Amino acid sequence: MKAAGVTNEEEYRALACRGGGETVVERRPLRRPGAGEVLVSLRACGLCGTDVFKLEAGDQPPGQGLGHEGVAMVDECGAGVGSFSPGDRVVVAHHVPCGECAYCLGGSETMCEGFRENRLEPGGFSEKILIAAEAVSSAMRIIPDTLSDDSAVFLEPAACVLRGIRRSGIGPGAAAVILGGGSMGLLHLLVLKAAIAGIRVGIVELLKDRRELALALGAEFACGSGEAPDAVDTLTSGRGADAVFDTAGGPGALDTCLDLGRRGSTVVLFAHAGAGEQPGYEREGLFREERRLIGSYSGGVKEQAAAWELMLSGALDASGLVSDRVNLDGFEEALELVRGRKALKVLIEPGRED
Ligand SMILES: [Zn+2]
Ligand SMILES: [Zn+2]
C-alpha cells in the first residue's frame, strides 16, 4: 500500500541503518512536503561523533536515517510556509524543544520529550530531506552569501558546544582546558574564543598534528596528558583551570579533568562514555573543594541562535576543521577515517563525484 503523498515517479538515495552497526544506501520514494514542511536537497552534512556512537552501539532500528548537521537548498515548501522559498540555501537543526514543558521552562530544553524527536526525514545523510514543521519554524535559517557551506555546517555542533560553555559558568579572562583535539575539541577552542573575551585555552591531545593545529587556532598550549599539569600551572600561576571540557571520554579522562581544574572549578562532560563505565574520582575532594561535574547534552534553540550570531558576525568560522569529503557511497570510508582518528570533520556531500 502506498502511503499518502508518496509518488513513485521520483526517488532519492539515502543512507539507512541496517541493524547492528551496518548501513546501506537505499532508494526511497519521494514524499512531497505537507503543511508547514519543507523539502530540501542536501549540499553537505557533517559526520558527528554521535552518529559514530549510534552505529557502534548498534541499537538503531533498520531503516533509521542518520546525520543532523546539514546545509541544503530548498526545493519545495508545503502549505503555509512563508519564510522560505525554493532556491534558498539553508541550515537546519534536527531537534526542537517544545518551549512549554517543565524541562523547557526549567532551562533543561534538551531534556524535553519533544526534543528527542528527529525532525529530519529520513536524516541528514540523504539526497532529499523533509524538514518537519516544528524545525522549519524555529530551527531553519537562510544562509547569507558571506557564509560558506563549510562554515554553516557547524551551526548545530557549535550550539552544542556553546551550551556546555554556558553551563560551565565561566566568563571573561577565564582559563579553560579541553581534553581532546579532535573536531569537537577544536570546535570548543574556537567557540570559547569567539564567545568569551580574553579567554585562555589549553588543549590536551595525544596526536602531534592536532596539537599543532590547536596552536595555530589560538590555543595557549597544546600538549600530551603527561605535560598537562605543568602547562596548566604555567597558564594559571599554579591555581588550576576554571573549567575543563572533556571531549575525549573514556576511562581516566574524568580523573585528568579533575586534576587540571582549580578548587571550585567545573568539569563539563561532553563525550559519550562506554556502557556501564563507572568513574573513579574521590568524593571527599569533590565535596571539600566545591567542584562541579556537569553533563551537557546537545544544544537548544537559544544556543542555536547565539551560535548563529557568532557565525554571522565573523567571530566564529570553523570551516578550517573540515578535513575530508565523501559522497553517500563513501560513508563507510568516512567512518573508518573518524574511527582511526585520521580525520577531523568529514562532510557527506551527496552531489560529489567520486
Ligand atoms: Zn552532532
Ligand atoms: Zn519542552
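Cut-offs applied
Residues numbered from 1 in each chain as written. Chains lettered and ligands numbered in written order. Predicted model: local features only at pLDDT ≥ 70, side-chain atom pairs only at ≥ 80, totals over all residues. Heavy atoms only, no water. Helix = DSSP H or I, 4+ residues; strand = E, 2+ residues; numbered from the N terminus. Polar contact = N/O pair within 3.5 Å; in protein donor to acceptor, adjacent residues only side chain to side chain. Contact = heavy atoms within 4.5 Å. Donors = N, O, S within 2.8 Å, 3.2 Å for Na, K, Ca; no water. Buried < 20%, exposed > 50% of the residue type's maximum accessible area, 1.4 Å probe, protein only. Domains from an automatic or database assignment. Buried area = accessible area lost by both parts, 1.4 Å probe. Salt bridge = Lys/Arg side-chain N within 4 Å of Asp/Glu carboxyl O. Nonpolar A, V, L, I, M, F, W, Y, C, P; charged D, E, K, R; others polar.

A. A look at the side chain of Thr23. Locating Thr23 in the fold gives a position in strand S2 (residues 22-31). Engagement of the side chain of Thr23 in a polar contact is seen with the side chain of Glu332, the distance being 2.7 Å. With sequence-adjacent residues up to four places away left out, Thr23 is seen in contact with Leu15, Ala16, Cys17, Arg18, Leu55, Phe331 and Glu332.

B. Highlighting the coordination of the zinc ion (ligand 1). For the zinc ion (ligand 1), the full set of protein donor atoms is Cys48 (SG), His68 (NE2) and Glu69 (OE), at a range of 2.1 to 2.8 Å. Of note, the donors binding the zinc ion (ligand 1) are all from one chain and are spaced C-x19-H-E. Taking relative accessible area as the criterion, Glu69 reaches 1% and is therefore assigned buried.

C. Looking closely at the domain arrangement of the protein. Per the domain assignment, the segments making up the protein are domain 1 (6-154 + 318-348) and domain 2 (161-295). Here the C-alpha centre of domain 2 lies 29 Å away from the C-alpha centre of domain 1. At the interface, 14 residues of domain 1 touch 15 residues of domain 2. Between domain 1 and domain 2, the buried area comes to about 1,100 Å², and carbon and sulfur atoms account for 60% of it. Broken down residue by residue, the surface that domain 1 buries against domain 2 is led by Leu321, Arg341 and Leu344, which jointly contribute 52%. Taken together, domain 1 and domain 2 are joined by two salt bridges. For the salt bridge of Glu205 with Arg341, the shortest nitrogen-to-oxygen distance reads 3.2 Å. Counting across the interface, domain 1 meets domain 2 through six residue pairs in polar contact (both at pLDDT 80 or more). Taken together, the residues of the side of domain 1 that touches domain 2 sort by class into six nonpolar, four polar and four charged.

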